[in-house]
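Geometric and topological summary
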Amino acid sequence: MNRFEEAPKAANSRASGATEAAPLRAAAPLNGGLLERFFKLSEHNTTVRTEVIAGLTTFLTMAYIIFVNPSILGDAGMPKGAVFVATCLIAAIGTLIMGLYANYPIAMAPGMGLNAYFAYVVVLGMGYTWQTALGAVFISGCLFLIVTVTGLRELFIAGIPQSLRTAITVGIGMFLALIALKSAGVVAASPATFVTLGDLHSAPVILATIGFLIIVALDKLKVRGAILIGIITVTVLSFFFGGNKFHGVFDAPPSIAPTFMQLDILSALKGGILNVVLVFFLVEMFDATGTLMGVAKRAGLLVPGKMERMNKALLADSGAIFAGSLLGTSSTTAYVESAAGVQAGGRTGLTAVVVAVLFLACLMISPLAGSVPAYATAPALLFVGCLMLRDLVELDWEDTTEVIPAAVTALAMPFTYSIANGLAFGFITYAVLKLCTGRAREVHAMVWVIAAIFLFKFAYIGGH
């Protein structure tokens, strides 16, 4: 997830010189103008040119979401064309608010992992309609906004042990990997062993493998847009070897009417979906907050005593969640790929504005988005999932009361095909182990509350 931190110091030094010297002269005529006054470019040692390049860099690293999100939510029965439009719009709106309101170089879009949970667990697994699932996203967004405004967000985060936070990321990564391997045809169902090897001679498996290797190789070579290049390459090959049909590239965007304001909040308020709201809420909180603080720190914007902009960023992030549910997509969150733009010199909200404009421009390529097969986006899912496993190094492997609950959390997510079950087993195991080893005082009250909620859910509502 943090692959951009590994750039050599020498390269960083050269990049720094490039953004603070030559670009400054190139953009000098604009200094003192509207952009300078609004985004305070000089104060952040950046220029218009640098911010534009940073915005383009961030966009290229995350543009894959406009192909992946419609593919995943489409499996839940949602109209892919409308989801494509909703994805582009909420990415543009959320990122624009982040740039103009918080002045942060951070982009937003529907989150990976949460869209898979939405489609494959809540809708296909638990049997709820996608309209009800959107209602659950809306409710979680409202809760998210409340805890942000009241300051409870910090309390929630402080109360969850680091080991479980790490496990959530790792577990979602494993969950994404399983979905990717299934979509690509690498693994298939088996009545004897539950899962088995798929047909390795089929076109989807071969093309998905090629796409995955392309993405990994290009990422290692630090080619911007590696994931996007991989998806497009497999899509092009699918026209020749996969029997896919080409429908063109440019056209007017599809109607968003099939998903706009179609959420069912009343159905989502019923007791059986309480754990769904809780999962959305917890994952949104940890993922978004961690990404925001990590990217802001990397950009040198996380200054102690000056948290006003961070608080604005948290509000922008919270508002984007329920705005996305209104448009017709799963939870929106800050993207760690924003670190690529920061690496390129982005330091202000102008970077985010550039990203927002590019997402709006993508509305005109709906025919291309509709031609992308599931096995073309599977390599992207597998790649992201693999990167999320790196957080395992943060676990304290000497303390079994920490590492065992974390392992249970991560393993239960793919093996029960449910992020909710992984969270439930992890919190319950953590609380019980601490209690049985005489270390109950180490457990924050928030953990006891969440564990009790999940226990109540299993005892009286049932499990999914």
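Every value quoted in this text rests on a predicted model; they were computed, and no experiment measured them. (Residues numbered from 1 in each chain as written. Predicted model: local features only at pLDDT ≥ 70, side-chain atom pairs only at ≥ 80, totals over all residues. Heavy atoms only, no water.)

1. A few points about the overall build of the protein chain
For the record, the criterion: Secondary structure is summarised from DSSP: a helix means a run of H or I of at least four residues, a strand means a run of E of at least two, and numbering begins at the N terminus for each. Exposure categories follow from relative accessible area, calculated using a 1.4 Å probe and restricted to protein chains: below 20% of the type maximum is buried, above 50% is exposed, and the middle band is partly exposed. Should any heavy atoms of two residues lie within 4.5 Å, those residues are considered in contact. Note that accessible areas follow from Shrake-Rupley with a 1.4 Å probe, and for residues the cover is restricted to the protein chains shown.
Summing up its helical and strand segments, the protein chain has 22 helices and 4 strands in all. By the burial criterion, 53% of the 464 residues in the protein chain qualify as buried. Considering only contacts in the protein chain between residues 6 or more positions apart, those separated by 24 or more positions represent 82%. If you sum the accessible surface of the protein chain, you get close to 19,000 Å²; carbon and sulfur atoms cover 69% of it.

2. A look at helix 19 (residues 374–388)
We apply this condition: The length a helix should cover is 1.5 Å for every residue beyond the first.
Here helix 19 contains 15 residues, and its C-alpha end-to-end distance of 21 Å stays within 8% of the 21 Å for a straight helix at 1.5 Å per residue. In terms of burial, helix 19 is largely enclosed, as 13 of its 15 residues are buried.

3. As for the packing of aromatic side chains
Defined as follows: To pair, rings of Phe, Tyr and Trp, with the six-membered ring standing in for Trp, must have centres within 6.5 Å; the planes then decide the type, stacked if under 30 degrees apart, edge-to-face if over 60, and tilted in the middle. We call a charge positioned over a ring when the NZ of a Lys or the CZ of an Arg lies within 6 Å of the ring centre and within 35 degrees of the ring normal.
Applying the stated criterion across every chain yields a total of 7 aromatic pairs. Taking 5.4 Å as the distance between ring centres and 80° as the angle between the ring planes, the aromatic pair formed by Tyr 117 and Phe 280 counts as edge-to-face. In this pair, Tyr 117 is assigned in helix 7 (residues 114–123) and Phe 280 in helix 14 (residues 274–298), connecting sequence segments 163 residues apart. Just as Tyr 117 is buried, Phe 280 falls in that class too. Measuring from centroid to centroid gives 6.3 Å for Phe 144 and Phe 281, while their planes differ by 85°, and the two rings are edge-to-face. Linking Phe 144 in helix 8 (residues 130–149) with Phe 281 in helix 14, this pair joins segments that are 137 residues apart in sequence. The pair Phe 144 / Phe 281 is uniform in exposure class, with both members buried. Taking NZ or CZ as reference, Lys 312 lies 5.4 Å from the ring centre of Tyr 101, over its face.

4. With respect to the nonpolar core
Condition: Only buried residues count toward a nonpolar core. Its members are Ala, Val, Leu, Ile, Met, Phe, Trp, Tyr and Cys residues joined through side-chain atoms within 4.5 Å.
Counting residues in each nonpolar core, the largest one holds 111 residues, and the members touching the most others are Phe 118, Leu 423 and Phe 427. Sequence-distant contacts of Leu 423, that is, excluding residues within four places in its chain, are made with Ile 168, Val 279, Leu 282, Val 283, Thr 409, Met 413 and Phe 454. Counting residues in each nonpolar core, the second largest holds 17 residues, with Tyr 104, Ile 106, Ala 316 and Ala 339 among its members.

5. Some remarks on the confidence of the model for the protein chain
For clarity, the cut-off: Residue-level confidence of the predictor is what pLDDT reports, using numbers from 0 through 100.
This prediction gives the protein chain a mean pLDDT of 82; 87% of its residues lie at or above 70. Note on residues 1–32: pLDDT under 50 across the span, and 49 contacts to partners over four residues away in sequence or across chains.

6. Quick notes on the packing of helix 10 (residues 162–184) against helix 21 (residues 419–436)
Helix packing for two helices is described by the angle between their axes and how far apart those axes are. Rules: Under this scheme, a helix contributes an axis fitted over its contacting stretch, all axes are lines through C-alpha atoms, and angles between N-to-C directions fall in the 0 to 180 degree range. Angular relationships are summarised with four words: roughly parallel below 35 degrees, roughly antiparallel beyond 145, roughly perpendicular across 65 to 115, and oblique for the angles in between. If you view the pair so one helix is near and one far, a crossing is left-handed when the near helix is turned anticlockwise from the far one by less than a right angle, and right-handed when it is turned clockwise. Charged means Asp, Glu, Lys or Arg here, nonpolar means Ala, Val, Leu, Ile, Met, Phe, Trp, Tyr, Cys or Pro, and polar covers whatever is left, Gly included.
Two elements in contact, helix 10 and helix 21, have axes separated by 10 Å at closest approach and are oriented at 150°. Classed by the angle they form, the pair helix 10 and helix 21 counts as roughly antiparallel. Both helix 10 and helix 21 take part in a crossing whose hand is right-handed. Across the interface between the two elements, Ser 163, Leu 164, Ile 168, Ile 172 and Phe 175 of helix 10 pack against Ile 419, Leu 423, Gly 426, Phe 427 and Tyr 430 of helix 21. The residue inventory of the contact of helix 10 with helix 21, partitioned by class, reads 8 nonpolar, 2 polar and no charged.

7. Focus on the pairing of strand 3 (residues 194–197)
For clarity, the threshold we go by: When DSSP finds two or more bridges between a pair of strands, those strands are recorded as paired.
The pairing of strand 2 (residues 187–190) with strand 3 spans 4 bridges and is classified as antiparallel. Looking at the pairing, Ala 189 lines up with Val 195 of strand 3. In textbook terms, the turn of a hairpin is the stretch between consecutive antiparallel strands, and for strand 2 and strand 3 this stretch comprises 3 residues.

8. Here we look at helix 10
The end-to-end C-alpha distance of helix 10 is 33 Å, a good match for the 33 Å that 23 residues give at a rise of 1.5 Å each. After helix 10 finishes, the residue Gly 185 shows a positive phi value of roughly 85°.

9. Concerning the environment of Phe 250
By the element assignment, Phe 250 lies in the loop between helix 12 (226–241) and helix 13 (265–268). For Phe 250, a relative accessible area of 66% puts it in the exposed group. Between the C-alpha atom of Phe 250 and that of Ile 365, which follows or precedes it by 115 residues, the distance is 4.6 Å. If near-sequence neighbours (up to four positions away) are discounted, Phe 250 is found in contact with Met 364, Ile 365 and Pro 367.

10. Focus on the environment of Ala 452
Examined against the element boundaries, Ala 452 turns out to sit in helix 22 (residues 445–461). Residue Ala 452 is classed as partly exposed on the basis of its relative accessible area, which comes to 42%. Separated by 25 residues in the primary sequence, Ala 452 and Phe 427 place their C-alpha atoms 9.0 Å from one another.

11. Side note on the side chain of His 44
Basically, it comes down to this: Here a polar contact means two N or O atoms within 3.5 Å. Within protein one must be a hydrogen donor candidate and the other an acceptor candidate, and residues neighboring in sequence count only if both atoms are side-chain atoms.
With respect to the helices and strands, His 44 occurs in the loop between helix 3 (34–39) and helix 4 (48–62). Of the polar contacts made by the side chain of His 44, one reaches the backbone oxygen of Lys 40; its length is 2.8 Å. Excluding residues within four positions of it along the chain, His 44 makes contact with Phe 39, Asn 103, Leu 301, Arg 309, Arg 347 and Thr 348.

12. Observations concerning the packing of helix 10 against helix 19
Where helix 10 meets helix 19, the closest approach of the two axes is 7 Å, and the angle between their N-to-C directions is 155°. The orientation of helix 10 relative to helix 19 falls into the category roughly antiparallel. As helix 10 runs across helix 19, the sense of the crossing is left-handed. Counting all contacts with helix 10, which are made through Thr 169, Val 170, Ile 172, Gly 173, Leu 176, Ala 177, Ile 179, Ala 180, Leu 181, Ser 183 and Ala 184, the residues of helix 19 involved are Ala 374, Tyr 375, Ala 378, Leu 381, Leu 382, Val 384, Gly 385 and Met 388.

13. Observations concerning unusual backbone geometry
Backbone geometry at Lys 40 places phi at a positive 55°, although glycine is not the residue there. Positionally, Lys 40 belongs in the loop between helix 3 and helix 4. Using a relative accessible area of 42% as the deciding quantity, one classes Lys 40 as partly exposed. For Lys 222, which is not a glycine, the phi torsion comes out positive at approximately 60°. With respect to the element layout, Lys 222 can be found in the loop between helix 11 (203–220) and helix 12.

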